[in-house]
Amino acid sequence: MRHPVPVTCVAIVLAAGAGSRMGGPVKQLLPLDGRPILQHVLDAAADAGLEDVVLVLGHEAGRIAAGVTPAAGTVVVVVPDWSAGQAASLRAGLDAAPEPSRGALVLLGDQPEVRADAIRAVVDDHATRGAPVTRAAYRGRASHPVLLDRLVWPGVEALRGDAGARSLIAAHAGRVALVEVGGDPPEDVDTPADLARLRARRGSA
């Protein structure tokens, strides 16, 4: 059952990169369990009850947008300078966030194993504690998803390249809330070997 979360949190799904390490195919649309990799991430956000979603596209934006089925109300943003790195995509996503949003939950479009319950736990913790940065932890290991409180959004303007919010998280290291969700962190699917390993583990194609 889906449990809607407060409209004060927006999910930003970063899926603008070319995925060049995959060697040719549009990574976001490669199949896993009968669904594109990116669809798994969008479905996890929906299953967690997030109703405000910004999908950030760049490389092959039209093809990717046509190949997935976002939840109703999802805002699709195309970043012209997507090749400048993940920081540009994150800025574009925050710029498109609804005005009432108190926080932005950042999801990576190449992490199909991100869990709805982990998303929900991070959002709920932020609603309670309101830390500048809230992260899921897997047996003590901090990973994705990451939620950025609106107060730290201005810091994104200074970010450059493909490091995403890492330096921003580091700047608030003493005030990062970790939410233990158990299990293993979601892995990036960057190469054919990554995808083959994930398919083998799940017994899928």
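Structure first, text after, so check above.
Computed from a prediction, not measured in an experiment: that's the story for all the values here. Here the residue index of a chain counts from 1 through its sequence in written order. In keeping with the model being predicted, local features are shown solely for residues with a pLDDT of at least 70 and side-chain atom pairs are shown and tallied solely at 80 or more, while totals for entire chains, interfaces and linings include all residues. Side-chain numbers here rest on the full set of heavy atoms in the structure, without hydrogens or water.

Draft legend 1. Main features of the pattern of salt bridges. In what follows, salt bridge is the name for a side-chain nitrogen of Lys or Arg lying within 4 Å of a carboxyl oxygen of Asp or Glu. Scanning all chains against the criterion turns up 15 salt bridges. With a closest N to O distance of 2.3 Å, arginine 139 and aspartate 184 form a salt bridge. With arginine 139 in the loop between strand E7 (133–138) and strand E8 (141–149) and aspartate 184 in the loop between strand E9 (176–180) and helix H6 (192–202), this pair connects stretches of sequence that are 45 residues apart. Accessible area is worked out with a 1.4 Å probe on protein chains only. A residue is then buried under 20% of its type maximum, exposed over 50%, and partly exposed in between. Assessed through its relative accessible area of 61%, arginine 139 is described here as exposed. Overall, the relative accessible area of 53% leaves aspartate 184 in the exposed class. For glutamate 187, the salt bridge identified is with arginine 197, shortest N-O distance 3.7 Å. Placement of glutamate 187 in the loop between E9 and H6 and of arginine 197 in helix H6 is noted, with a sequence separation of 10 residues between them. Residue glutamate 187 is classed as partly exposed on the basis of its relative accessible area, which comes to 37%. What emerges from the salt-bridge pattern is a single network uniting Asp33, Glu113, Glu187, Asp194, Arg197, Arg201 and Arg202. Note on conventions: DSSP H or I runs of at least 4 residues are helices, E runs of at least 2 residues are strands, and numbering of each starts at the N terminus.

Draft legend 2. Representation of empty space enclosed by the protein in the model. A pocket here means an open set of points on a 1 Å grid, computed over the protein atoms alone, that has protein on both sides within 12 Å along at least five of seven lines. A cavity is instead a set of points where a 1.4 Å probe fits but cannot get out; residues with an atom within 4 Å of a point line either one. Grid points are joined across faces, edges and corners, and a volume is the space filled by probe spheres set on the points. On inspection of all chains with the given rule, the structure shows 3 cavities of 30 Å³ or more. Approximately 40 Å³ is the volume attributed to the second largest cavity. Around the second largest cavity, the lining residues are Glu113, Glu187, Asp188, Val189, Asp194, Arg197, Leu198 and Arg201.

Draft legend 3. The side chain of aspartate 194, seen in detail. By the element assignment, aspartate 194 lies in helix H6. In this structure aspartate 194 touches Asp188 and Val189, once residues within four positions along its chain are discounted. A contact between two residues is defined here by any heavy atoms of the two lying within 4.5 Å.

Draft legend 4. Structural view of the sheet that holds E8. Spatially, 7 strands are ordered E5-E4-E1-E6-E8-E7-E9 in an open sheet, and the strand pairing comes out mixed. The strands lining the two open edges of the sheet, one partner per strand, are strand E5 (75–78) and E9. Averaged over all pairs of adjacent strands, the angle between their axes in this sheet comes to 25°, without regard to strand direction. Pairing between two strands requires that DSSP report at least two bridges joining them. Where strand E1 (residues 9–15) and strand E4 (residues 53–57) come together, 5 bridges link them in parallel fashion. Opposite isoleucine 12, over in E4, you have valine 54 as the bridge partner. Axis definition: a line fit to C-alpha positions, over the contact stretch in the case of helices; interaxial angles, taken between N-to-C directions, run 0 to 180 degrees. Sheet strands touched by helix H1 (residues 37–47): E1, E4 and strand E6 (103–108). Its angle to E1, the strand with the most contacts, is close to 175°.

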